[in-house]
Amino acid sequence: MKAAIIGYGKMGREIERILRERGHEIGLIVDQANAGELDAAHLAGIDVALEFTTPATAYDNIRTCLECGVAVVSGTTGWTDRLAELQELCRERGGAMFYASNYCLGVNLMFRLNRQLAALVGRVGGGYEVRIEEVHHTQKKDAPSGTAITLAEGIIENLPSKRGWVNFAPGIAHATNRVERSEDTPADRIEIRSVREGMVPGIHTVTYESEDDILELRHEIKNRRTLAQGAVVAAEFLCGKRGVYGMDDLLK
Ligand SMILES: NC(=O)c1ccc[n+]([C@@H]2O[C@H](COP(=O)([O-])OP(=O)(O)OC[C@H]3O[C@@H](n4cnc5c(N)ncnc54)[C@H](O)[C@@H]3O)[C@@H](O)[C@H]2O)c1
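Here the structure is a predicted model, which means the values were calculated and not measured.

Caption draft 1: Structural context of the pattern of salt bridges. Tallied over the full model, the rule gives 19 salt bridges. For Glu14, the salt bridge identified is with Arg17, shortest N-O distance 3.0 Å. Here the residue Glu14 and the residue Arg17 both occupy positions in helix H1 (residues 10-21), the gap between them amounting to 3 residues, near one helical turn. For Glu14, a relative accessible area of 14% translates into the label buried.

Caption draft 2: The arrangement of the site of the ligand in detail. Neighbouring the ligand are 25 residues, the closest being Lys10, Met11, Asp31, Thr77 and Tyr103. Contact between the ligand and Gly75: a nitrogen atom at 3.1 Å from a main-chain N or O atom of the residue. Taking Lys140, its side chain carries an N or O atom lying 3.0 Å from an oxygen atom of the ligand. Computed on the free molecule, the ligand has an accessible area of 860 Å², of which 84% lies beneath the protein chains in the complex. In terms of residue class, the shell around the ligand is made up of 8 nonpolar, 12 polar and 5 charged. Inspection of the shell around the ligand shows a minimum of three residues originating in each of domain 1 (2-103 + 225-251) and domain 2 (105-220).

Caption draft 3: Focus on the state of the cysteines. If you walk through the whole model with that rule in mind, you get 0 disulfides. Unpaired in terms of disulfides, Cys90 finds its nearest cysteine sulfur in Cys65, a separation of 11 Å.

Caption draft 4: Summary view of the environment of Ile155. Note on placement: Ile155 falls in helix H6 (residues 146-158). Note: C-alpha distance between Ile155 and Val121 (34 residues apart in sequence) is 9.9 Å.

Caption draft 5: A look at the side chain of Asp142. Structurally, the position occupied by Asp142 is in the loop between strand S6 (129-136) and H6. You can call Asp142 buried: its relative accessible area is 10%. Side-chain polar atoms of Asp142 contact the backbone nitrogen of Gly78, separated by 3.4 Å. Within the local environment of Asp142, its side chain forms a polar contact with the side chain of Lys140, the two groups lying 3.1 Å apart. Not counting chain neighbours up to four residues away, the residues in contact with Asp142 comprise Pro55, Thr77, Gly78 and Arg196.

Caption draft 6: View of the nonpolar core. Within the largest apolar cluster, 47 residues are counted, with the highest numbers of intra-cluster contacts made by Ile15 and Phe98. It is helix H7 (residues 225-238) that provides the largest number of residues to this core, a total of 8 residues. Here this core gathers at least three residues from each of two domains, domain 1 (2-103 + 225-251) and domain 2 (105-220). Contacts of Ile15, omitting those with residues within four sequence positions, involve Ile5, Leu50, Phe52, Ala228, Ala231 and Val232.

Caption draft 7: View of the domain arrangement of the protein. The domain architecture assigned to the protein consists of domain 1 (2-103 + 225-251) and domain 2 (105-220). For the pair domain 1 and domain 2, the summed buried surface comes to about 1,000 Å²; carbon and sulfur atoms form 49% of the total. Our count for the contact surface shared by domain 1 and domain 2 stands at 2 salt bridges. The interface formed by domain 1 and domain 2 includes 7 residue pairs in polar contact (both at pLDDT 80 or more). In terms of residues, the side of domain 1 that touches domain 2 owes the most to one element, helix H8 (residues 247-251), which gives 3 residues.

Caption draft 8: Up close: the sheet that holds strand S5 (residues 96-99). Reading across the sheet, the 6 strands line up as S2-S1-S3-S4-S5-S11 and stay open at both edges, with parallel pairing between neighbours. With partners counted over all chains shown, the strands left at the sheet margins are strand S2 (25-30) and strand S11 (243-245), one partner each. The sheet shows a mean angle of 15 degrees between the axes of neighbouring strands, direction not considered. Bridge analysis of strand S3 (residues 48-51) against strand S4 (residues 71-74) gives 4 bridges, and the strand direction is parallel. Within the sheet, the bridge partner assigned to Leu50 lies in S4 and is Val73. In the packing of H1 onto the sheet, contacts are made with strand S1 (2-6), S2 and S3, and the angle to S1 comes to roughly 170 degrees. Against the sheet, helix H4 (residues 83-93) engages S5 and S11, with an angle of about 155 degrees to S5.

About the thresholds
- Counting restarts for each chain, with residues numbered from 1 along the sequence as it is written.
- Where local features are concerned, this predicted model is filtered to residues with pLDDT of at least 70; where side-chain atom pairs are given and counted, the filter is 80 or more; whole-chain, interface and lining totals use all residues.
- As a rule here, side-chain values cover all heavy atoms of the structure and leave hydrogens and water aside.
- Whenever a carboxyl oxygen of Asp or Glu lies within 4 Å of a side-chain nitrogen of Lys or Arg, that contact is scored as a salt bridge.
- Labels follow the DSSP assignment, with helices taken as runs of H or I lasting at least four residues and strands as runs of E lasting at least two, numbered in each case from the N terminus.
- Exposure classes here rest on a 1.4 Å probe applied to the protein chains alone. A residue is buried below 20% of its type maximum, exposed above 50%, and partly exposed in between.
- Here a residue is near a molecule or strand as soon as one of its heavy atoms is found within 4 Å of it.
- Contacts described as polar in this section are N or O atom pairs within 3.5 Å, which, within protein, must combine one atom able to donate a hydrogen with one able to accept it, while residues neighboring in sequence count only if both atoms come from side chains.
- Calculation of accessible area relied on Shrake-Rupley with a 1.4 Å probe; when residues are assessed, cover is drawn exclusively from the protein chains displayed.
- In this count, Pro and Cys sit with the nonpolar residues alongside Ala, Val, Leu, Ile, Met, Phe, Trp and Tyr, while Asp, Glu, Lys and Arg are called charged and the others, Gly among them, polar.
- Domain delimitation in this document rests on an assignment produced automatically or drawn from a domain database.
- Note on terminology: pairs of cysteine sulfur atoms within 2.5 Å are recorded as disulfides.
- Only heavy atoms matter for contacts: two residues are in contact if any of them lie within 4.5 Å across the pair.
- Note on terminology: a nonpolar core comprises buried Ala, Val, Leu, Ile, Met, Phe, Trp, Tyr and Cys residues joined through side-chain atoms within 4.5 Å.
- As a working definition, buried area equals the accessible area (1.4 Å probe) given up by two parts on being put together, with both sides summed.
- Any two strands with at least two DSSP-identified bridges between them are counted as paired.
- The axes used here are C-alpha line fits, helices contributing only the stretch in contact, and every angle between their N-to-C directions lies in the interval 0 to 180 degrees.

Here it is in structure tokens:
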């Protein structure tokens, strides 16, 4: 497989290591300084591009790949209100695209357990209130994390009492806060609390609390390797395919 790396930051560098370990060729590396090289000429002969950049640049980068007929795997978070638009473009053009808010296998197992647990709680009742907490390093640009949003969506699809989420992110200047204080969270919204500290790669906790007990689903990433490996496996899966894919397709 001949790959392009778009975004040569923490994830891009880890992806480069995994691509080399798995015997793939890297035909192009694009970062902010040479962003102009993301064009048809430089993408010629590339099988798959792996895009991990910023919320402000992901849409245009993915669009360019699709317009140049190059399959693209993206994991950039914080921009996905426009994801459906690109998925539609991909289908129209007969291209290939893979998106996941989290490429770690364990997190994707947690996504499944989270949906099942929400459905069970919906069935049994028990007076449980649900909340989500995500903890990440201080350089993370978006809040809440894409993973926390996927967890919230999984609960909303399966727990009739919840119809949306709000982000409670104390101390995050650039957070997309929907409410200022925890007490403001309406009963039909899931509160997502975002915490930024140190070098934490990612901790996600879904908590159900009743008057009598606390039930938690918790996942902690120990390093970025698992994320980069998942993205490279997704690129291998996408290579030679057409269509729109996500982790559920890969795990099947
Ligand atoms: N889906 C997942 O599993 C997963 C895992 C980790 C990180 N992420 C997300 O991936 C993104 C990148 O994470 P990171 O930790 O590597 O961040 P990072 O800040 O270390 O790297 C981002 C890189 O993108 C570069 N960049 C900026 N504009 C660009 C442009 N126009 N073209 C090309 N490159 C450009 C920056 O210079 C930087 O090197 C974030 O949105 C993060 O939340 C997703």
